[in-house]
Amino acid sequence: MTNPTPEQTTQTSDSILIVDFGSQVTQLIARRVREAGVYSEIAPFNAAKEAFARMNPAGVILSGSPASVLDENGPRIPAEILDSGLPMLGICYGQQSLMHQLGGEVLSGDSGEFGRAFIEIGDDCALFDGLWAKGESHQVWMSHGDKVTSLAPGFRPVAASPGAPFAVIANDEKRIYAMQFHPEVVHTPDGGKLLKNFVRHVCGLSGDWTMAEFRKTKIEEIRAQVGNKRVICGLSGGVDSAVAALLIHEAIGDQLTCVFVDGGVLRMGEAEQVVSLFRGHYNIPLVHVDASTLFLKGLEGVTDPEAKRKFIGKTFIDVFEDEAKKIGGAEFLAQGTLYPDVIESVSFTGGPSVTIKSHHNVGGLPERMNMKLVEPLRELFKDEVRVLGRELGLPDVFVGRHPFPGPGLAIRIPGEVTRERCDILRKADAIYLEEIRNAGLYDAIWQAFAVLLPVKTVGVMGDGRTYDSVCALRAVTSTDGMTADIYPFDAGFLSRVATRIINEVKGINRVVYDYTSKPPGTIEWE
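Cut-offs applied
- Residues numbered from 1 in each chain as written.
- Predicted model: local features only at pLDDT ≥ 70, side-chain atom pairs only at ≥ 80, totals over all residues.
- Heavy atoms only, no water.
- Pairing = 2+ DSSP bridges.
- Helix = DSSP H or I, 4+ residues; strand = E, 2+ residues; numbered from the N terminus.
- Axes fitted to C-alpha atoms, helices over the stretch in contact; angles between N-to-C directions.
- Buried < 20%, exposed > 50% of the residue type's maximum accessible area, 1.4 Å probe, protein only.
- Right-handed = clockwise from strand over helix to strand, strands pointing away.
- UniProt positions renumbered as here; feature names shortened; annotations may be inferred.
- Contact = heavy atoms within 4.5 Å.
- Domains from an automatic or database assignment.
- Buried area = accessible area lost by both parts, 1.4 Å probe.
- Salt bridge = Lys/Arg side-chain N within 4 Å of Asp/Glu carboxyl O.
- Polar contact = N/O pair within 3.5 Å; in protein donor to acceptor, adjacent residues only side chain to side chain.
- Nonpolar A, V, L, I, M, F, W, Y, C, P; charged D, E, K, R; others polar.
- Patch = residues over 30% accessible without salt bridge, like charges linked within 9 Å, V, L, I, M, F, W, Y side chains within 5 Å.
- Areas by Shrake-Rupley, 256 points an atom, 1.4 Å probe, with all protein chains shown as cover.
- Lys, Arg positive; Asp, Glu negative; His and termini not counted.
- Charge placed at Lys NZ, Arg CZ, Asp CG, Glu CD.
- Parallel < 35°, antiparallel > 145°, perpendicular 65-115°, else oblique.
- Left-handed = near helix turned anticlockwise from the far one by under 90°.

### Considerations on the sheet that holds strand 14 (residues 372–374)
With parallel pairing, 5 strands are arranged side by side in an open sheet as 12-11-10-13-14. The strands lining the two open edges of the sheet, one partner per strand, are strand 12 (286–290) and strand 14. On average, each strand axis in the sheet is inclined to that of its neighbour by 30 degrees, with strand direction left out of account. Alignment of strand 11 (residues 256–262) against strand 12, held across 5 bridges, turns out to be parallel.

Here it is in C-alpha cells:
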C-alpha cells in the first residue's frame, strides 16, 4: 500500500520551491506566490533536497524560523540548492542562513526588532522594480533577534532599518536576494508585490498558472494513478470532499463510487442536500450510510478532543472498509485533504509531532486495508478549492459554504457528545446561520457556527427557574484559515439571534459571543 506524502505532488519546472525552516507563516509565502499566478510547494528543510530534485523549480524561497543560525544544530540550506545557480530569496532566517553559509556574518543582537518598522531604500534592485525607489521609506514587518552584520562576497546592501543595517541585500549576478523582514504577512503592505517581482522578474516565470490548468493537469494525474481501477470517495458533506469527488468523476466517470457517511454529527439538512446534489444533479453513484448509532455510541464518555477526532477518523475508515467490501473491487480511497491539513499535521523537523491538532483525513490507512489514497486537492488552499469548485460547475450555494470540520459537531460540543446534545446544537446553529443569511452577511464571514458548552446556568423563563446549557456563537473573517479575526456583529444582531435561540431551542438558556482571534485561539473550539 502506498499513501501520498507532501513530497509526492505536481511536478513542474514552472514552479517555486519554498524551503520551510519552521516559521509559523510559511504557508503565507506559498499563498502570495500562487496569487502571483505561479505554482509553489513547501518542503521541510530536511526534505528539501528530494523536493528540489523532483520539482526542478525555477527558483527557491527560504522561510523564516524560530531557530538561530548560530545554533550548532540549526536548520541549514541543502548544498544541492545552495550550489544550484537558481534564483533564491531569503526571508528573515532565510537571509541569515544564506549569509552564514556563504561567508557573511550573523550575530545575536542586543535587542531584537519586532513588529512594524520602516526601511530606507538605499539603492535599486530587481525586487523593487516598479515598486520602490532609492531614497524612499516603506513600512515592513520585522520579527528577529539575530541580524546580519557582514555580507558574503558578491552581495550589496539595498535597504536598511534602524535594527537591521542589511534589511534587504542583493547579489545581482547570482540572482540571490534576501530580506530581514517578512513580505508574506499583510503588515508588510507591499510584500506580495515584492514576492511577485521575485517570481516574475527574477525567476522569469510568466504567472499563467490557473485553476483551469490545475484541473487539466490533475485529471491527467488521476487517470495515470488510477488506470482502470475503481475508487471510493468519502463524502463528508463539506466543500472539499465534494470538489474532490467531482474532479475524480470527471477523470474516471463511473469508476468512482461516493460513500456518504452520516455519523449523526452533521448540520441540519446536510445529509439531504448531499444526496440530492450527487444522486440527482450529477448522477454520480452514491452509497448513503446512516452510521449515527455506531458513531454516537462510540463517543459515549469521550471528552478529550483529540480522542474524539481519532475515534471519528478511525470509524470513518472502518465504515469505508465495510462499504469497499460490499462494492467490491475498489483499490483506491479518495479524500478531500487540503494543503493546510497536510502541513499542520506534519512537524517540519520530522521529529515528534508538535501539531496543533490532528486531521482525521491525513496520515494514511490501516495496513490491513489494501487500498491506496487519491487526494487530488492536497496541494490547494481552501479558497483555491472554491475556485476549482466553480471551475467544475459546482453550484455556488454549495461552493460558498463555510468550512465544516471532518469530525463535525463532535468538536463543537466540548465534553461528551450525545444524540440529544447534537440535536440541540443543530437547531441553534441553523437559527444562527439563517439570521446571518437574512442579514446578507454570510459571504462576508469565513466561518460561523454555534458551540454547545458543557456548562449549565440558572435562568428565568416565564415564572419558572431553568438550569440549562450555554450556547457560544463564533464568527470569523479570514483569507485562508491560518489567521482569523472576529466578525464585528452589532449588538442588535447578536441580541436577535440570542433571543431566537433561547425561545426556540429547548435546553439552552444563555447565549454568549466568542471574541477570540486566531491566534491565540483556533477557529474551532476543539
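### A closer look at the pairing of strand 10 (residues 230–235)
Strand residues, when the strand is regular, have side chains that alternate between the two faces of the sheet. Counted residue by residue, strand 10 has 5 buried out of 6 residues, so it is predominantly covered. Relative to strand 11, strand 10 is paired through 5 bridges, and the arrangement is parallel. Within the sheet, the bridge partner assigned to Cys233 lies in strand 11 and is Cys258. Handedness of the β-α-β unit built from strand 10, helix 7 (residues 239–252) and strand 11 comes out right-handed.

### Description of the UniProt feature "active site" (unreviewed entry) in the chain
Under the UniProt annotation, "active site" (unreviewed entry) lies at Cys92, His182 and Glu184. Their sequence span is 93 residues, while the largest C-alpha to C-alpha distance among them is just 11.1 Å; these annotated residues converge on one region. By secondary structure assignment, the location of Cys92 is in the loop between strand 4 (88–91) and helix 4 (93–102). Those residues within four positions of Cys92 in sequence are excluded, and the remaining contacts are Gly64, Ser143, His144, Met179, Gln180, Phe181 and His182. On the secondary structure map, Glu184 appears in the loop between strand 9 (176–179) and helix 5 (191–202). On the basis of relative accessible area, Glu184 is assigned to the buried category, the value being 0%.

### Some points on the domain arrangement of the chain
Domains assigned within the chain are domain 1 (15–201), domain 2 (211–400) and domain 3 (420–513). With centres defined by C-alpha atoms, the gap from domain 1 to domain 2 works out at 36 Å. With 13 residues of domain 1 at the interface, the matching set in domain 2 holds 12 residues. For the pair domain 1 and domain 2, the two sides together bury roughly 1,100 Å², of which 52% comes from carbon and sulfur. Looking at the side of domain 1 facing domain 2, the largest losses of area belong to Gln27, Arg31 and Arg34, adding up to 51% of the total buried there. Scanning the region where domain 1 abuts domain 2 turns up 2 salt bridges. Between the two partners, domain 1 and domain 2, sit 4 residue pairs in polar contact (both at pLDDT 80 or more). Elements with a contribution of two residues or more to the side of domain 1 that touches domain 2: helix 1 (26–35) and strand 2 (39–44). Here the residues of the side of domain 1 that touches domain 2 are counted per class, giving 6 nonpolar, 3 polar and 4 charged.

### What about the pattern of salt bridges?
All told, the structure shown has 27 salt bridges when counted by the stated rule. The partner of Glu504 in a salt bridge is Arg500, and the shortest N-O contact between them spans 2.8 Å. Taken together, the positions of Glu504 and Arg500, both in helix 15 (residues 491–504) and 4 residues apart, correspond to about one turn of that helix. Under the relative-accessibility criterion, Glu504 is labelled partly exposed at 45%. The class of Arg500 is buried, set by a relative accessible area of 18%. Beyond isolated ion pairs, a larger network of salt bridges with shared partners links Glu434, Glu435, Arg496, Arg500 and Glu504.

### Section: a negative patch on the surface
On the surface, a cluster of negative charge is made up of Asp14, Asp208, Glu213 and Glu220. Within the secondary structure layout, Glu220 lies in helix 6 (residues 211–226). Classification of Glu220 as partly exposed rests on a relative accessible area of 45%.

### Concerning the packing of helix 7 against helix 12 (residues 382–391)
The contact between helix 7 and helix 12 brings their axes to 10 Å, and the two run at 45 degrees. With respect to helix 12, the axis of helix 7 lies oblique. In the packing of helix 7 onto helix 12, the handedness of the crossing is left-handed. Between helix 7 and helix 12, the contacting residues are Val239, Asp240, Val243 and Leu247 on the first element and Lys382, Val385, Arg386, Leu388 and Gly389 on the second. Split into classes, the residues belonging to the contact of helix 7 with helix 12 amount to 5 nonpolar, 1 polar and 3 charged.

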